[in-house]
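# A look at the structure
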Amino acid sequence: MGNSPEEEQPSTTPDPEPAEDRPSIGSVLRHARTASGLTVEEVSASTRVRVPIVHAIEEDDFSRCGGDVYARGHIRTLARAAGLDADALVERYDAEHGGRPAPTPAAPMFEAERIRPERRRPNWTAAMVAAIVAVIGFVGFTLFSGGEPDSRGNVAGDPASPARESVAPPKPSKAAPRPAPAESAIAAIPKDRVTVKLTAVQGKSWVTATGTGGKRLFDGLLDQNGPQKSSRTVDVEDPEQVDLVLGNAGAIELFVNGKKVEDKYALGEVKRISYQKGDDPQDG
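One structure accompanies this document, and this report is about it. What you are looking at is a predicted structure, and each value in this text was computed from that prediction instead of being measured. (Residues numbered from 1 in each chain as written. Predicted model: local features only at pLDDT ≥ 70, side-chain atom pairs only at ≥ 80, totals over all residues. Heavy atoms only, no water.)

A few words on helix α3 (residues 40–47). Burial in α3 covers these residues: Val40, Val43, Ser44 and Thr47. Buried residues of α3 fall within an arc of 100 degrees about the axis and therefore sit on the same side. Those residues of α3 that are buried are in contact with α2 (25–35), α4 (51–58), α5 (68–81) and β8 (271–276). Backbone geometry just after α3 places Arg48 at a positive phi near 65 degrees. (Buried < 20%, exposed > 50% of the residue type's maximum accessible area, 1.4 Å probe, protein only. Helix = DSSP H or I, 4+ residues; strand = E, 2+ residues; numbered from the N terminus. Arc of directions from axis to C-beta. Contact = heavy atoms within 4.5 Å.)

Spelled out as structure tokens, the structure:
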């Protein structure tokens, strides 16, 4: 008795879903965000990724990110905000865009928004040095001109005269070293503003710095092994307040208003910190 055609047909298993049929990275992020009940504006506020860039990434347009390094950072940040596996999405991005990119300096992406504290600091330092030299010159001139008649009238030597002359030489030795060390130059900035220096000292970290009124002071990646100083260290300042978001707080060393912040943060810890004018980080 013969078998029917249906009985003779061998069983098959469905092929795995082709890669091209998978939801795109942008679609995955958008669906996860909406499933979490979050708007684009809420995600932008919590991650500090600008609204136009969030929209572009959700449409799989990564050209507005400023390069692969920044695109990977934005994808990782948005994925974490939506509760997704950030590493898996970044690996997908790498696979679809030619592999993991080499580190690039953070500064070029933010050409329109960044401030340039590097050019302001020498101005303040030069002003302080000039003021110190002027004060020393004025004091020296006053002492020398004031003590000259006494030295002429007292041939035997007035004990007060050499005492006055000995005051002027020590002052340059006390004042001159203050602006000299490059690492402490930020301490010379007047206290009518808040200054923050961030340096990657243990790996890399995504950093966002915002000033008064939400002004974006810096938004980029600091890398201990970055090829340029601008990719390892950044200085920001504001007349009133600086708000920081550190994606990997344990990798960053902070100087606030010229003093080192002694708080120790864990690697991988996301930290939001605010500093105001006149704050002393050593006060705790």
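A separate point is the nonpolar core. In globular proteins that are soluble, nonpolar side chains generally tend to be buried together. The biggest cluster of nonpolar side chains holds 22 residues, and the ones touching the most others in it are Val196, Leu198, Val236, Leu244 and Leu254. Where this core is concerned, the elements lending two or more residues are β1 (194–200), β2 (204–210), β3 (216–223), β4 (233–238), β5 (241–246), β6 (252–256) and β8. When residues of this core are assigned to their parent elements, the largest contribution, four residues, is made by β1. The residues contacting Leu244, other than those within four sequence positions of it, are Val196, Leu198, Thr208, Ala209, Leu254, Lys271, Arg272, Ile273 and Tyr275. (Core = buried A, V, L, I, M, F, W, Y, C linked by side-chain atoms within 4.5 Å.)

What follows covers the side chain of Asn248. Examined against the element boundaries, Asn248 turns out to sit in the loop between β5 and β6. Residue Asn248 is classed as buried on the basis of its relative accessible area, which comes to 16%. If near-sequence neighbours (up to four positions away) are discounted, Asn248 is found in contact with Lys204, Ser205, Ala266, Leu267, Gly268 and Glu269.

Right, let's get into the pairing of β3. Counting buried residues along β3, eight of its eight residues qualify, which places the element largely inside the surrounding structure. As defined by bridge partners, β2 adjoins β3 across seven bridges and the pair is classed as antiparallel. Across the sheet, Thr210 pairs through a bridge with Arg216, a residue of β3. Where β2 folds back onto β3 in an antiparallel hairpin, the turn is made up of five residues, including Gly213, whose phi is positive at roughly 70 degrees. (Pairing = 2+ DSSP bridges.)

Before going further, it helps to spend a moment on the sheet that holds β6. Taken together, four strands build an open sheet; the order of strands is β4-β1-β6-β7 and the sheet is antiparallel. Both outer strands of the open sheet, β4 and β7 (259–260), are each paired with one neighbouring strand and no more.

What follows concerns the pattern of salt bridges. Oppositely charged side chains can pair when the atoms bearing their charge come close. The tally for this structure, following the rule as stated, stands at ten salt bridges. The salt bridge partner of Asp192 is Arg193, with a shortest N-O separation of 3.4 Å. Taking relative accessible area as the criterion, Asp192 reaches 41% and is therefore assigned partly exposed. For Arg193, a relative accessible area of 18% gives the class buried. (Salt bridge = Lys/Arg side-chain N within 4 Å of Asp/Glu carboxyl O.)

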